[in-house]
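Inside the fold
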Amino acid sequence: QVQLVESGGGLVQPGGSLRLSCAASGSIRGNNAMGWYRQAPAKQREWVASITSGGMTHYADSVKGRFTISIDNAKNTVYLQMNSLKPEDTAAYYCNAHNLMDGMNSWGTGTLVTVSS
């Protein structure tokens, strides 16, 4: 399994931006589809965005046009650029690596994003 460590969370005002990073312990090139999920208090974890090994991106409707997922294979790092943040974006954000060979999922421990004035 890949070890994942998220960073970049924090407190931001509505309309602000944050960039989350997810550093992987090993190579994620070609073997994994990478994604970001989030979990707000008292809510279930939900999918936010994903990027395939071929670079195709997909987004939840709630973040489309505001969030951008990207990957730096040289650094084994996945990013989530979040713009025009809203209070409803407040959640713990988790990085996920889905191994395309064996179907296993790896998760980071999360980074907290709070959008508040």
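What you see is a predicted model; the values in this text were computed from it and never measured.

Moving on: the nonpolar core. Ranked by size, the top nonpolar core spans 29 residues in total, and within it Trp36, Leu80, Met82 and Tyr93 carry the most contacts. Where this core is concerned, the elements lending two or more residues are strand S3 (18–24), strand S4 (32–39), strand S5 (46–51), strand S7 (67–72), strand S8 (77–82), strand S9 (91–99) and strand S11 (111–115). In contact with Leu80, other than residues within four places in its own chain, are Leu18, Arg19, Leu20, Trp36, Val48, Ala49, Phe67, Thr68, Ile69 and Tyr93.

To continue, consider unusual backbone geometry. Phi at Ala42 takes a positive value of approximately 65°, unusual for a residue other than glycine. For Ala42, the position within the fold is in the loop between S4 and S5. Looking at Ala42, the relative accessible area reads 92%, which means it is exposed. In the Ramachandran plot, Ser84 falls in the positive-phi region, its phi being about 50° despite a non-glycine side chain. Residue position: Ser84 is located in the loop between S8 and S9.

For the coordinates displayed, the defined rule picks out one aromatic pair. Summarising the aromatic geometry, the rings of Tyr37 and Trp107 are spaced 4.9 Å apart at their centres and angled 70° between planes, so their arrangement reads as edge-to-face. Separated by 70 residues along the polypeptide, Tyr37 in strand S4 and Trp107 in strand S10 (residues 105–107) bring together distant segments of the chain. Look at Tyr37 and you get partly exposed, because its relative accessible area is 23%. The ring of Tyr94 has Arg45 lying over it, and the distance from NZ or CZ to the ring centre is 3.8 Å. Cation over ring: Arg45 sits above Trp107, and NZ or CZ is 4.7 Å from the ring centre.

Cut-off values and rules
- Residues numbered from 1 in each chain as written.
- Predicted model: local features only at pLDDT ≥ 70, side-chain atom pairs only at ≥ 80, totals over all residues.
- Heavy atoms only, no water.
- Core = buried A, V, L, I, M, F, W, Y, C linked by side-chain atoms within 4.5 Å.
- Buried < 20%, exposed > 50% of the residue type's maximum accessible area, 1.4 Å probe, protein only.
- Helix = DSSP H or I, 4+ residues; strand = E, 2+ residues; numbered from the N terminus.
- Contact = heavy atoms within 4.5 Å.
- Phe/Tyr/Trp six-rings, centres within 6.5 Å; stacked < 30°, edge-to-face > 60°.
- Lys NZ or Arg CZ within 6 Å of the ring centre and 35° of its normal.

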